[in-house]
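Next come the chains, spelled out residue by residue.
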Amino acid sequence: MIFKEKQKSQPISKRQAWDAFKAVKSNDGSAGVDNIEIVEIERHPGKYLYPLWNRMSSGSYMPVPVREVLINKEDGSKRALGIPTVLDRVAQEVIRQELEKIVEPYFSANSFGYRPKKSQHMAVAQCQANCQKYNWAIDLDIKGFFDNIDHRLLIRAVKRYTTSKHILMYVKRWLDAPIQKRDGSIEPKQGKGTPQGGVISPLLANIFLHFAFDTWFEETFPDCAYERYADDIIIHCKHFKEALNVLAAVKQRMQRCKLEIKQEKSNIVYCKRNQKNHPPFKPKYVQFDFLGFTFKPRWIKGKHSA
C-alpha cells in the first residue's frame, strides 16, 4: 500500500484498511458473491484494498449482496448464514474495530460473547458458580434473534454510543444489504436482521442486547444473576415464584424490543443443591444446556451439587 494519501471526507486511513484485512485473513473464511478469495487479495492489495479504502474514505463505498449459506442444526433444521465478500468483511472490520473501542467499556461484566478478554469458558464458569448460589435457572431461547433484530431500534442503540457519521452510515448500509439466495435470486431486507457470518454482526448484537436485556435486567432484577453469550442467556433466581415473574417480564421486554421468546425452549430449571431443599412439587426440568455443556445435579462426596 504505497499510494499517496489525499484528504478524504471520511476519517478512515489506509492503515486501518490494511490492519482490517490482516484480521480478516487470520479468521480465514470463504468468498462471497464475487468469488474473490483472501489469497487473491493478498497477492494484489493495490488492486483490491486501495480501491476499497478509497471508496470508504470518500463515502462512496456500498456493500454488495450477502451470499446465503444453509447449515444443519442439531434438531435437523437448517440455519441461514450470510457470508459477505472478503472485501465487505474487511470494510466491516474497519468499522468494527473503531466501534468496539467506543462501546466495550460500557458493556456488562455478565456479557461474554465476542468480546476482548472474555470467553466461552468464563461464561460457563460463572454459570456453574451461580447454579451453586441460586436454586432456579431460566434457560432463555430467543426466536431467530439475528434474523429479527429491528434495524430502527439497533441504529437507535448505536447512536447512544456514537454520532460519528461514517460509522452510522456504513452500519445502515450493511443492514440494508440484500441477500443472494442459493438459486441466485436477490432478496431485499425488510427492516430487520443482521446476517450471522458478518464481521460486525456480533458487535451489533451485543450493542442491541446491552440495552434490550443487560441494562434493563440489572436495573429491574438486582437480586438475580445471569450470563449472556451473544443471544444465549441463562438467568438465576432464588425462588420458583420469582423465576415465573422474571420469565414473564423478560417475555414482555422482548416483545417491546420486537423479539420473541421461544416458548417451547425457554424453561425454568431446578438446580437442586441438596436433598433438604426440594420444592413442594416435582420440577419439570432439572437440567439445561449452555454453550455445549449440560448443567444438571450431580453427587460429590456424599453431597448433592449442581
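Residues numbered from 1 in each chain as written. Predicted model: local features only at pLDDT ≥ 70, side-chain atom pairs only at ≥ 80, totals over all residues. Heavy atoms only, no water.

K.L.:
Break down the overall build of the protein chain for me, with residues and values.
P.N.:
Counting its secondary structure elements, the protein chain contains ten helices and twelve strands. The buried share of the protein chain, reckoned over its 306 residues, is 48%. A separation threshold of at least 6 residues defines the contact pool for the protein chain, and within that pool the share at least 24 residues apart is 71%. In the form shown here, the protein chain has an accessible surface area of approximately 16000 Å², with 50% of it arising from carbon and sulfur atoms. (Helix = DSSP H or I, 4+ residues; strand = E, 2+ residues; numbered from the N terminus. Buried < 20%, exposed > 50% of the residue type's maximum accessible area, 1.4 Å probe, protein only. Contact = heavy atoms within 4.5 Å. Areas by Shrake-Rupley, 256 points an atom, 1.4 Å probe, with all protein chains shown as cover.)

K.L.:
Explain the environment of Ile155 to me, and be specific about the residues and the numbers.
P.N.:
For Ile155, the position within the fold is in helix 7 (residues 151-159). With 49 residues separating them along the chain, Ile155 and Leu204 place their C-alpha atoms 9.2 Å apart. Residues in contact with Ile155, not counting those within four places in the same chain, are Val171, Lys172 and Leu175.

K.L.:
Residue-level account of the packing of aromatic side chains, with values.
P.N.:
All chains considered together, the criterion is met by 21 aromatic pairs. Arranged with centres 5.7 Å apart and planes meeting at 45 degrees, the rings of Tyr106 and Tyr161 form a pair that is tilted. Separated by 55 residues along the polypeptide, Tyr106 in the loop between helix 4 (86-103) and helix 5 (120-133) and Tyr161 in the loop between helix 7 and helix 8 (165-176) bring together distant segments of the chain. By relative accessible area, Tyr161 is classed as buried at 15%. Relative to Phe240, the ring of Trp136 has its centre 4.9 Å away and its plane inclined at 50 degrees; by these criteria the two rings are tilted. (Phe/Tyr/Trp six-rings, centres within 6.5 Å; stacked < 30°, edge-to-face > 60°.)

K.L.:
I'd like a description of the nonpolar core, backed by residues and values.
P.N.:
If you look at the biggest cluster of nonpolar residues, it comprises 71 residues, and the most contacted ones within it are Phe208, Phe213 and Ile235. Ignoring sequence-local partners within four residues, the contact set of Phe208 consists of Phe145, Ile149, Asp150, Leu153, Leu154, Cys257 and Leu259. One finds Ala123, Tyr229, Leu291 and Phe295 within the second-largest nonpolar core, a separate group that totals 14 residues. (Core = buried A, V, L, I, M, F, W, Y, C linked by side-chain atoms within 4.5 Å.)

K.L.:
With reference to specific residues and values, describe unusual backbone geometry.
P.N.:
You will see that Tyr114, though not glycine, has its phi angle at about 55 degrees, which is positive. Take Tyr114: it is sitting in the loop between helix 4 and helix 5. You can call Tyr114 partly exposed: its relative accessible area is 49%. The phi angle at Lys258 is positive, at roughly 65 degrees, despite the residue not being glycine.

K.L.:
Any chance you could break down empty space enclosed by the protein for me, citing the residues and the numbers?
P.N.:
Per the stated rule, a full pass over the model turns up two cavities of 30 Å³ or more. Broken down by secondary-structure element, the contributors of at least two residues to the lining of the largest cavity are helix 4 and helix 8. When the residues that make up the lining of the largest cavity are grouped by side-chain class, the tally is nine nonpolar, four polar and one charged. (1 Å grid on protein atoms, 1.4 Å probe; cavity = no way out; pocket = protein on both sides within 12 Å on 5 of 7 lines; lining within 4 Å. Points joined across faces, edges and corners; volume = space filled by probe spheres on them. Nonpolar A, V, L, I, M, F, W, Y, C, P; charged D, E, K, R; others polar.)

K.L.:
Which residues make up the sheet that holds strand 8 (residues 267-270), and what values go with them?
P.N.:
Spatial ordering of the open sheet is given by 6-7-3-8, a layout of four strands whose pairing is antiparallel. Two strands in the sheet have a free side with no partner beyond their single neighbour: strand 6 (225-229) and strand 8. Within this sheet the neighbouring strands show an average axis-to-axis angle of 20 degrees, counted without direction. Taken strand by strand, helix 9 (residues 201-220) contacts strand 3 (136-141), strand 6 and strand 7 (232-237), and its axis lies near 175 degrees from that of strand 6. (Pairing = 2+ DSSP bridges. Axes fitted to C-alpha atoms, helices over the stretch in contact; angles between N-to-C directions.)

K.L.:
I'd love a proper account of helix 7, names of residues and values included.
P.N.:
An α-helical turn contains 3.6 residues, so a residue and the one three or four places further along point in the same direction. Residues His151, Leu153, Leu154, Ile155, Ala157 and Val158 constitute the buried set of helix 7. Residues of helix 7 that are buried make contact with helix 8, helix 9 and helix 10 (240-256). Sitting at the head of helix 7, Asp150 places a side-chain oxygen 3.2 Å from the backbone nitrogen of Arg152. (Polar contact = N/O pair within 3.5 Å; in protein donor to acceptor, adjacent residues only side chain to side chain.)

K.L.:
Describe the pairing of strand 6, with residues and values.
P.N.:
Of all five residues in strand 6, five are buried, a share of seventy percent or more. Burial of strand 6 is two-sided: the residues Ala225, Glu227 and Tyr229 facing one way and the residues Tyr226 and Arg228 facing the other way are all buried. Where strand 6 meets strand 7, five bridges bridge the pair, whose relative direction is antiparallel. Considered in strand 7, the bridge of Glu227 is made with Ile234. Adjacent in sequence and paired antiparallel, strand 6 and strand 7 are bridged by two residues, among which Ala230 carries a positive phi angle near 60 degrees.

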